[in-house]
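For reference, the chains in residue letters:
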Amino acid sequence: MAKKKRKRKELKRKLLHKYRLVILNENTFEEKISFKLNRMNVFVTGTLFIIVLIGLTTLIIAFTPLREYIPGYSSTRLKRQATELTYKTDSLVTVLDYTNRYLNNVRMVLRGDIENNEANRDSLFERFKLDPSTVDLTPIREDLLLREEVELEDKYNLFERSVENVEVLLFAPLNGTLSQGFDTRLKHYAVDIVAPRGTPVKSCANGTVLFAEWTSQTGYVIIVKHQDDLTSVYKHNGSLSKSQGDLVRAGEVIAEVGNTGELTTGPHLHFELWKNGKPINPLNYIDFK
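Cut-offs used in this document
Residues numbered from 1 in each chain as written. Predicted model: local features only at pLDDT ≥ 70, side-chain atom pairs only at ≥ 80, totals over all residues. Heavy atoms only, no water. Helix = DSSP H or I, 4+ residues; strand = E, 2+ residues; numbered from the N terminus. Buried < 20%, exposed > 50% of the residue type's maximum accessible area, 1.4 Å probe, protein only. Areas by Shrake-Rupley, 256 points an atom, 1.4 Å probe, with all protein chains shown as cover. Core = buried A, V, L, I, M, F, W, Y, C linked by side-chain atoms within 4.5 Å. Contact = heavy atoms within 4.5 Å. Pairing = 2+ DSSP bridges. pLDDT = per-residue confidence, 0-100. Expected span 1.5 Å × (residues − 1). Polar contact = N/O pair within 3.5 Å; in protein donor to acceptor, adjacent residues only side chain to side chain. Phe/Tyr/Trp six-rings, centres within 6.5 Å; stacked < 30°, edge-to-face > 60°. Lys NZ or Arg CZ within 6 Å of the ring centre and 35° of its normal. Salt bridge = Lys/Arg side-chain N within 4 Å of Asp/Glu carboxyl O. Patch = residues over 30% accessible without salt bridge, like charges linked within 9 Å, V, L, I, M, F, W, Y side chains within 5 Å.

**Here we look at the overall build of the chain**
Line of reasoning, step 1. When helices and strands are tallied, the chain shows five helices and 12 strands.
Line of reasoning, step 2. Across the 289 residues in the chain, those meeting the buried criterion constitute 23%.
Line of reasoning, step 3. Entry remark: accessible area of the chain is about 22100 Å², with carbon and sulfur atoms responsible for 57%.

Written as structure tokens, this is what we have:
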């Protein structure tokens, strides 16, 4: 035991024994700087320096473009190009599918596989012809009550009903589950479609991108202007594939599903349709299933 204690004391003495590091002028031997050191201080300082150096190297590799110069790391530009090519491939596959269906229909018509049943229009309308003199047009009591109720509702309705017809063929921007519908009473002039994060979001029709930026409340937002004064709005996207002024076609990928912005509770697409400056219900024109 005494021998072990002596060894411990000797080790402690060596670790804590003080040394003086002196820097002298070689010509005049004048003392410039001196430090009091021991083995313990040198060991602790060296260990901390190595840890800090390793941490800084890790941060530089993880969060700066310098990692692209290290063998084995892919370039950020290549990743961006791969993502864009994936979106374009998805759009091309969709367009190719529609083209193949169209060509198949044309082949069926040329081969005569589709029957052309002709009918006399006059014979079809003949069965629905009525003599106005035989019809009683006197309004009944229930009809009068219904008219009064509708007039009363319209009198105090704060929101104008959009009666505009949408003549543009609309493409479903996303297939998913409807989490919230169009409701003017709650000022929710859109439909919310739930889908996995990263799902491609497509333009509902041909048009021009009016706005493609980040907003604090609704995250990444893209607005597309279509013909006949129709505008579509896509909010809470994870990222945008188009910029302001770009021309897009129906079914072309313009963004991806995300969960950005303050007014969101999960990955979904907030989709709005506006006709002549008035909101319209997208469910009346698009099937999201």
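**Concerning the nonpolar core**
Line of reasoning, step 1. By size, the foremost hydrophobic cluster in this structure holds 25 residues, and its most contacted members are C204, Y234, F271, L273 and I286.
Line of reasoning, step 2. Of all the secondary-structure elements, those providing two or more residues to this core are β4 (191-194), β6 (207-215), β7 (219-225), β8 (230-240), β10 (253-257) and β11 (268-275).

**Points about the side chain of T260**
Line of reasoning, step 1. Assignment of secondary structure puts T260 in the loop between β10 and β11.
Line of reasoning, step 2. Under the relative-accessibility criterion, T260 is labelled buried at 14%.
Line of reasoning, step 3. If we skip the residues at most four places from it in the chain, T260 touches W214, T218, G219, Y220, H236, N237 and G238.

**What about the pairing of β6?**
A regular strand places its side chains so that they alternate between the two faces of the sheet.
Line of reasoning, step 1. As defined by bridge partners, β6 adjoins strand β9 (residues 247-248) across two bridges and the pair is classed as antiparallel. Bridge pairing links T208 to L247 in β9.
Line of reasoning, step 2. Hairpin connection, β6 to β7: the antiparallel pair is bridged by three residues.

**Re the confidence of the model for the chain**
Line of reasoning, step 1. When pLDDT is averaged across the chain, the result is 82; 80% of the residues are at 70 or more.
Line of reasoning, step 2. Segment residues 158-164 is flagged for pLDDT under 50; beyond a separation of four residues in sequence, or across chains, it makes 11 contacts in the model.

**Remarks on helix α2 (residues 39-63)**
Line of reasoning, step 1. If you check α2, its first and last C-alpha atoms are 36 Å apart, about what 25 residues at 1.5 Å a residue would give, namely 36 Å.
Line of reasoning, step 2. Between a side-chain oxygen at the N-terminus of α2 and the backbone nitrogen of M40 the separation is 3.1 Å; the capping residue is N38.

**Digging into the packing of aromatic side chains**
Line of reasoning, step 1. For the structure on display, the rule yields six aromatic pairs.
Line of reasoning, step 2. A centroid spacing of 5.2 Å and a plane angle of 50 degrees characterise the contact between Y234 and F271, whose relative ring orientation is tilted. Taken together, the residues span a long stretch of sequence, with Y234 in strand β8 and F271 in strand β11 at a distance of 37 residues.
Line of reasoning, step 3. Chaining the aromatic ring pairs together yields one cluster made of F182, Y189 and W274.
Line of reasoning, step 4. Just above the ring of Y98 sits the side chain of R101; from NZ or CZ to the centre is 5.6 Å.

**Considerations on the pattern of salt bridges**
Line of reasoning, step 1. Going through the model one piece at a time under the given rule, you end up with six salt bridges.
Line of reasoning, step 2. A salt bridge links R101 to D97, with the shortest nitrogen-to-oxygen separation between them at 3.1 Å. Of this pair, R101 and D97 both sit in helix α3 (residues 76-111), four residues apart, which is roughly one turn of that helix.
Line of reasoning, step 3. You can call D97 partly exposed: its relative accessible area is 32%.

**Re unusual backbone geometry**
Line of reasoning, step 1. In this model, K187 sits at a positive phi of 60 degrees, which is unusual for a non-glycine residue.
Line of reasoning, step 2. One can find K187 in the loop between β3 (177-180) and β4.

**A word on the side chain of S232**
Line of reasoning, step 1. Along the polypeptide, S232 turns up in strand β8.
Line of reasoning, step 2. Given the relative accessible area of 0%, S232 is considered buried.
Line of reasoning, step 3. At 2.7 Å, the side chain of S232 forms a polar contact with the side chain of H226.
Line of reasoning, step 4. Side chain to side chain, S232 and Y234 meet in a polar contact 2.9 Å long.
Line of reasoning, step 5. Residue contacts for S232: discarding those within four places in its chain leaves C204, I222, I223, V224, H226, F271, E272 and L273.

**Thoughts on the pairing of strand β1 (residues 19-24)**
Line of reasoning, step 1. Where β1 and strand β2 (residues 31-37) come together, six bridges link them in antiparallel fashion. Residue Y19 lies in a different strand from β2, and its bridge partner there is L37.
Line of reasoning, step 2. In textbook terms, the turn of a hairpin is the stretch between consecutive antiparallel strands, and for β1 and β2 this stretch comprises six residues, one of which, F29, has a positive phi near 55 degrees.

**Considering the environment of I222**
Line of reasoning, step 1. Relative to the elements of secondary structure, I222 occurs in strand β7.
Line of reasoning, step 2. Assessed through its relative accessible area of 0%, I222 is described here as buried.
Line of reasoning, step 3. Along the sequence, I222 and A212 sit 10 residues apart, while their C-alpha atoms lie 4.3 Å from each other.
Line of reasoning, step 4. Residues in contact with I222, not counting those within four places in the same chain, are V209, F211, A212, S232, V233, Y234, N237, L240, K242 and I254.

**Considerations on a nonpolar patch on the surface**
Line of reasoning, step 1. A surface patch of nonpolar side chains, about 570 Å² in accessible area, is lined by L16, M40, F43, V44, L48 and I51.
Line of reasoning, step 2. Top element by residues in the nonpolar patch is α2. It accounts for five residues.

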